[in-house]
Amino acid sequence: TLGSAGPGYRVELGEHWAVASCGSFLAGSLRLAVASPQPVQGGPTPWFGVACGLRVSLRAGAFELALGGDALAHLARHNYTVSRLQPARTESLFTEPAAGALGSLTTGVRF
């Protein structure tokens, strides 16, 4: 799950086009599902990050289509580990990266 909130600045580029720059604080939850071996820490893990990016939108009447891209940075990184029985050991499955990218394609109705 993921939710975001933050400020943005929008510039109209004519009757139908606009570009916006937005910054966001992101919060959510990541759940790791492993059938075998067993996860050491089960259940959802809280996730926090910040993002900054651009949106380009096209309006046709009340409808709007927007394409966006964001640079993303994690505020807290988690190491996901699993426990193996044969041979008995605990090992890292993966660690969240420090940075990433987020793309979006959205539709909306303006009223």
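Residues numbered from 1 in each chain as written. Predicted model: local features only at pLDDT ≥ 70, side-chain atom pairs only at ≥ 80, totals over all residues. Heavy atoms only, no water.

Engineer: Hey, could you run me through the overall build of the protein in this one?
Structural biologist: The secondary structure content of the protein amounts to zero helices and nine strands. Its helices and strands in sequence order give the protein the pattern β-β-β-β-β-β-β-β-β, from N to C terminus. When burial is assessed residue by residue, the protein has 21% of its 111 residues classed as buried. Considering only intrachain contacts with a sequence separation of at least 6, the fraction spanning at least 24 residues in the protein is 54%. Roughly 7500 Å² of accessible area belongs to the protein as shown, and the carbon and sulfur atoms make up 64% of that amount. (Helix = DSSP H or I, 4+ residues; strand = E, 2+ residues; numbered from the N terminus. Buried < 20%, exposed > 50% of the residue type's maximum accessible area, 1.4 Å probe, protein only. Contact = heavy atoms within 4.5 Å. Areas by Shrake-Rupley, 256 points an atom, 1.4 Å probe, with all protein chains shown as cover.)

Engineer: Mind showing me how you'd approach the side chain of Arg59 here?
Structural biologist: Here Arg59 lies in strand E5 (residues 44–60). A residue is classified by how much of its surface remains accessible, and Arg59, at 13% relative accessible area, is buried. Within polar-contact distance, the side chain of Arg59 engages the side chain of Glu12 at 2.9 Å. Those residues in contact with Arg59 that lie beyond four places of it in its chain are Arg10, Glu12, Gly14, Glu15, His16, Trp17, Ala18, Glu64 and Arg110. (Polar contact = N/O pair within 3.5 Å; in protein donor to acceptor, adjacent residues only side chain to side chain.)

Engineer: Sorry, what's going on with the layout of surface pockets here?
Structural biologist: Vacant regions in the atomic arrangement are exposed by a probe of water-molecule size rolled over the atoms. Counted as a void, the largest pocket has a volume near 210 Å³. Lining the largest pocket are Gly8, Tyr9, Arg10, Ala20, Cys22, Arg55, Ser57, Glu64, Ala66, Ser104 and Thr106. Of all the secondary-structure elements, those providing two or more residues to the lining of the largest pocket are strand E2 (8–12), strand E3 (17–31), E5, strand E6 (63–74) and strand E9 (99–109). Sorting elements by how many residues they give to the lining of the largest pocket places E2 first, with three residues. (1 Å grid on protein atoms, 1.4 Å probe; cavity = no way out; pocket = protein on both sides within 12 Å on 5 of 7 lines; lining within 4 Å. Points joined across faces, edges and corners; volume = space filled by probe spheres on them.)

Engineer: What should I look at first to understand the pattern of salt bridges in this one?
Structural biologist: A side chain of one charge can pair with a side chain of the opposite charge if their charged atoms are brought near each other. With the rule as written, the count across this model stands at five salt bridges. With a shortest N-O distance of 3.0 Å, Arg10 and Glu12 are connected by a salt bridge. Under the relative-accessibility criterion, Arg10 is labelled partly exposed at 32%. Across the pair Glu64 and Arg10 runs a salt bridge whose closest N-O atoms are separated by 3.1 Å. Here Glu64 is found in strand E6, whereas its partner Arg10 is found in strand E2, with 54 residues between them in sequence. Within the structure, one salt-bridge network assembled from shared partners comprises Arg10, Glu12, Arg59, Glu64 and Arg110. (Salt bridge = Lys/Arg side-chain N within 4 Å of Asp/Glu carboxyl O.)

Engineer: Whenever I open this one, the pairing of E2 confuses me. Can you help?
Structural biologist: On a regular strand, each side chain points to the face opposite its neighbour's, so the side chains alternate between the two faces of the sheet. With five bridges connecting them, E2 and E3 associate as antiparallel partners. Counterpart to Glu12 in the pairing with E3 is Ala18. Where E2 hands over to E3, the hairpin turn is made up of four residues, of which Gly14 adopts a positive phi near 125°. (Pairing = 2+ DSSP bridges.)

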